[in-house]
Amino acid sequence: MNIENLKENTCVIIGSYPTSLEHNAILNLTAFAAKKNGYDVCLVSHQPLSADIQKHINYYIYSDENDTSLINSGEMSNTYNNLTFINYCSNYHSYPILKNIQNALSLLKEKSYTNFIYFESDEFLNKFDFVNLENKLLENDFLNKDYWFMNEGYDIQTIFPVTSMFGGNINYFYNLLKNIKTIEDYKNIFENPNVTTLELLFPCLIQKKDKNKNG
């Protein structure tokens, strides 16, 4: 695996919901940076995007699947794998973000790419950031792995993945998520239906899939 293989086989997915001029400007920079660094870009949004942004991308998917009914009020303490964290309405955007990811994967699995890197729209990486990211992906043999996450856990035993930037095999993630068709499907995955973040979703689904694969 080399950098040319990485760029040829990987499409950058950018999830977005720009609601201001500032959000649009940052999104534009994020899309432009990915494109300038040699990646095809698939932009998914629950908000219509300007023609200027669309100049920097290969695929653009708009949908109105912006169900935010999972919103919590106030804060909630939750413990996962010995990590205690405070949840400040973080459910508000998790399900709509998942729908953006699913829409992108549905399109890309029909294309020639094998892998994807997902960015939130404000995850702007400059040239040096991209080099560092690519070095990590090459070091971890990204194209031959099912998934790649950074970990927010305080120790190696704690699984709490970063979901604003991650990647993996397109078919693996498509199959991982394909049975989540409604917000009820989504809520039913979690032990606590009031705490439904992507940071909890991915470890739960991946561990279940790996367990089933290993018998």
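Reading guide: rules and limits
- Residues numbered from 1 in each chain as written.
- Predicted model: local features only at pLDDT ≥ 70, side-chain atom pairs only at ≥ 80, totals over all residues.
- Heavy atoms only, no water.
- Pairing = 2+ DSSP bridges.
- Helix = DSSP H or I, 4+ residues; strand = E, 2+ residues; numbered from the N terminus.
- Contact = heavy atoms within 4.5 Å.
- Axes fitted to C-alpha atoms, helices over the stretch in contact; angles between N-to-C directions.
- Buried < 20%, exposed > 50% of the residue type's maximum accessible area, 1.4 Å probe, protein only.
- Arc of directions from axis to C-beta.
- Polar contact = N/O pair within 3.5 Å; in protein donor to acceptor, adjacent residues only side chain to side chain.

Colleague: I'm lost on the sheet that holds strand β7 (residues 147–148) in this one. Help?
Modeller: In a beta sheet, neighbouring strands pair by backbone hydrogen bonds and run either parallel or antiparallel. With mixed pairing, the six strands of this open sheet are ordered in space as β3-β2-β1-β6-β8-β7. Looking along the sheet, the strands with just one partner apiece sit at the ends: β3 (59–62) and β7. Contacting β6 (115–120), β7 and β8 (165–169), helix α6 (residues 170–177) runs over the sheet at an angle of about 100 degrees to β8.

Colleague: Would you explain the side chain of Glu-134 in this entry?
Modeller: Here Glu-134 lies in helix α5 (residues 127–139). Residue class for Glu-134 comes out buried when judged on its relative accessible area of 8%. In this structure, Glu-134 is in contact with Ile-3, Leu-6, Lys-7, Asn-37 and Tyr-39, ignoring residues within four places of it in sequence.

Colleague: Sorry if this is basic, but what is going on with α6 here?
Modeller: Because an α-helix packs 3.6 residues into every turn, residues spaced three or four apart end up facing the same way. Residues of α6 that are buried include every one of Ile-170, Tyr-172, Phe-173, Leu-176 and Leu-177, and no others. What you see down the axis of α6 is that its buried residues fit within an arc of 165 degrees, all on one side. Buried-residue contacts for α6 involve α4 (94–108), β6, β7, β8 and α8 (198–213). Sitting at the amino-terminal end of α6 is Asn-169, which places a side-chain oxygen 3.0 Å from the backbone nitrogen of Asn-171.

Colleague: For this particular structure, what's the right way to read the pairing of strand β1 (residues 10–16)?
Modeller: Regular strands place their side chains on alternate faces of the sheet. Counting buried positions over the seven residues of β1 gives seven, a clear majority of the element. Where burial is concerned, the two faces of β1 agree: the one with Thr-10, Val-12, Ile-14 and Ser-16 and the one with Cys-11, Ile-13 and Gly-15 are both buried. As paired elements, β1 and β6 share six bridges and run parallel to each other. Each residue of the ladder has a partner; that of Val-12, found in β6, is Ile-117. Examined bridge by bridge, β1 and strand β2 (residues 40–45) share six bridges and lie parallel to one another. Across the sheet, the residue bridging to Gly-15 is Val-44, located in β2.

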